[in-house]
Amino acid sequence: MKNTMKRDMRSKGGGGGDVVLLSNVRLASAGKPAGNGARKGDPPTTVTMKAAPRSADPMPVSAPEKRAAVRKSLKAAAKARARRGTRRFTAEKVIKESRRWLNIIANANKLNLARKKTVVKETVKSFNAYFNSGFLEYRKSVAEAEQYAAIEWTGQGSYIEDIMGRQYIDCLGGFGIYSAGVRHPKIVEAVRSQLDRMPLSSQELLDPLRGALAELLGEIAPGNLQKCFFINNGTDAIEGAMKLARLYTEKSGFISTIRGFHGKSYGSLSLMGKAEYRVAFEPLLQDVYFVEFGDADEVEWQLKKARDVGLDIAAVVAEPVQGEAGAIVPPDDYWPRLREICDEYDVLLIADEVQTGMGRTGKLFGVEHWDVIPDIMCLGKALGGGVMPLSAFISTPEIWKVLEANPFLHSSTFGGNPLACAAGIAAINVTLEEDLPGQAAVSGEYFLAGLRDIQSRYPEHLVDVRGKGLLIGIEFDSTEFGYSVAAGLFRRGVLVAGTLLNAKTIRIEPALSIPGKLIDEVLGHLDDTLKSLS
């Protein structure tokens, strides 16, 4: 739906000077008297402003009228004192502290036990005072780490190590970013080499890596998806896709899914399918309609209703497999029917592949399981190889034309910077050269079989095992029991976590190249944990 509001400004001559007519301009804010006595509810006023003749002498300028000082209440004075604060470091102290941390960074592998303990203590203190103290209560790395909070320090492949040297098998994968593993050597080396040459963009010259990554992505993307835009994280990719859909269709509405997760910035949050993350920020975008994930009939019914009553729907947005809802796999006919329905009702189909893309589900892209080509596809997380933040949205040349007349209609200062693009090029190389999707398919089947075997022994607590590839969810009978299982695995050296939209479900998202012996070890630890809790 286009915005048809226009401002009418006309100029006329006469009376020895130029006269400017401002039509329908209200000169006073609502409810407050203006210079002509206008109040809220008065009809719009047409005001004539007559410019002085060019030959007239300058008018004398009087001194500005002195305004009375604002009288501060005790409450306002207290607020002013609170804003000033009392904890500020001097510049010298900031320099000294930053120098100390630079020394820690440079000598991270040489810290003695006393310095490690100091880092642990200061990290907890700074999170509490300067970051978000809620993380200290939420994170099992603090609540379940015995004497010392687990401070992330290094990692490699399928392992993460804390500052005290404790190793964890990584089955969380940074919520899906470590598809190639932690610190993959080829990806790290590409970024290091680019850092030595040019870290960020001039914004004016053409960056060759941005072009190279765009070409590679356009060549591996499904069907006729070809033109892309690079940003920093998944929610930005969704925002860009929403803007592109509105711009191309000239419609404003979206259909999303219940328990769908698409990010937490304003537009993407409007597509969020769970109230917990929405209500504090409402009103969000108003023309978003929700349907059950996996139910194509409901999508068609919603589009039919929208057409019958004159609602404009730009696009249907869905994940190939719902990640944050707990690895929910739709029926096999769901995505093919979505494609047919969107074509029939002349709306775009947006695939949110931020978590499923780059091999996670056993195919390079999740929609390839059903041989479906969306109109717009969003990528993120693993696209940066677990080394740099990188995301993208990609569409067809036909749809993309609406952005080409003014390429700055959608832009980003850091999106597609040389370091991120170097990581993206290396991530694509590693994904294909090492056949990470194929590894995910084989390891996923093995992992799921082992989990279902455990489920058969603890059916009263482990109520469901599901997933595709190495995007796996194991659901328990209660949130409390699920938390206890995650904590028990943490104490046994396995990193997992609940999903954001289903706290009863623990996600399993390891590196796509995780060795079979580590899968066996994780299954053994899960069995031990359930035995201790049953």
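Fair warning: this is a prediction, and the values are worked out from it, not measured in the lab.

Section: the nonpolar core
Next up, step 1: Core analysis: the biggest nonpolar cluster contains 88 residues, and Leu-303, Trp-335, Phe-447, Leu-451, Ile-474 and Leu-530 have the highest contact counts within it.
Next up, step 2: Looking at this core element by element, the count peaks at nine residues for helix α15 (residues 418–433).
Next up, step 3: Among all residues touching Phe-447, those that are not within four sequence positions of it are Cys-171, Leu-470, Ile-472, Ile-508, Pro-510, Ile-519, Val-522 and Leu-523.
Next up, step 4: Counting residues in each nonpolar core, the second largest holds 23 residues, with Ile-231, Ile-238, Ala-315 and Val-317 among its members.

Side note on the pairing of strand β10 (residues 313–318)
Next up, step 1: Within β10, six of the six residues are buried, which leaves it mostly tucked inside the rest of the structure.
Next up, step 2: Looking at chain direction, strand β8 (residues 253–257) and β10 are connected through three bridges and run parallel. Within the sheet, the bridge partner assigned to Ile-255 lies in β10 and is Val-316.
Next up, step 3: Pairing analysis gives four bridges linking β10 to strand β11 (residues 348–352), with the strands arranged parallel. Looking at the pairing, Val-317 lines up with Ile-350 of β11.

Points about the sheet that holds strand β7 (residues 227–231)
Next up, step 1: Strand order in the open sheet made by the seven strands is β7-β13-β12-β11-β10-β8-β9, with mixed pairing throughout. What marks the edges here is a single partner per strand, and that holds for β7 and β9 (288–291). Averaged over all pairs of adjacent strands, the angle between strand axes in this sheet comes to 20 degrees, irrespective of strand direction.
Next up, step 2: Running at roughly 125 degrees to β7, helix α8 (residues 208–220) makes contact with β7, β12 (376–379) and β13 (391–395) of the sheet.
Next up, step 3: Across the face of the sheet, helix α13 (residues 334–345) comes into contact with β8, β10 and β11 while running at roughly 150 degrees to β11.

Things to note about the confidence of the model for the chain
Next up, step 1: For the chain, per-residue confidence averages 87 on the pLDDT scale, and 84% of positions sit at 70 or higher.
Next up, step 2: The model gives residues 1–56 a pLDDT under 50, and that stretch makes 53 contacts with residues more than four places away or in other chains.

Notes on the sheet that holds strand β18 (residues 505–508)
Next up, step 1: Reading across the sheet, the four strands line up as β14-β15-β18-β17 and stay open at both edges, with antiparallel pairing between neighbours. Each edge of the open sheet is held by one strand with a lone partner, namely β14 (462–468) and β17 (497–498).
Next up, step 2: As defined by bridge partners, β14 adjoins strand β15 (residues 471–476) across six bridges and the pair is classed as antiparallel. Directly across from Arg-466, in β15, lies its bridge partner Gly-473.
Next up, step 3: Packing of helix α16 (residues 436–457) onto the sheet brings it into contact with β14, β15 and β18, and relative to β14 it is tilted by some 170 degrees.

Things to note about unusual backbone geometry
Next up, step 1: For the peptide bond that leads from Glu-282 to Pro-283, omega is 10 degrees, which places it in the cis range.
Next up, step 2: Relative to the elements of secondary structure, Pro-283 occurs in the loop between α11 (275–278) and β9.
Next up, step 3: For Gln-203, which is not a glycine, the phi torsion comes out positive at approximately 80 degrees.
Next up, step 4: Within the fold, Gln-203 resides in the loop between α7 (185–195) and α8.

What about the side chain of Ser-179?
Next up, step 1: In this structure, Ser-179 sits in the loop between α6 (173–176) and α7.
Next up, step 2: Classification of Ser-179 by relative accessible area gives buried; the value is 3%.
Next up, step 3: Apart from the residues within four sequence positions on either side, Ser-179 is in contact with Met-358, Arg-360, Ala-382, Leu-436, Ala-511, Leu-512 and Ser-513.

About the criteria used
Residues numbered from 1 in each chain as written. Predicted model: local features only at pLDDT ≥ 70, side-chain atom pairs only at ≥ 80, totals over all residues. Heavy atoms only, no water. Core = buried A, V, L, I, M, F, W, Y, C linked by side-chain atoms within 4.5 Å. Buried < 20%, exposed > 50% of the residue type's maximum accessible area, 1.4 Å probe, protein only. Helix = DSSP H or I, 4+ residues; strand = E, 2+ residues; numbered from the N terminus. Contact = heavy atoms within 4.5 Å. Pairing = 2+ DSSP bridges. Axes fitted to C-alpha atoms, helices over the stretch in contact; angles between N-to-C directions. pLDDT = per-residue confidence, 0-100.

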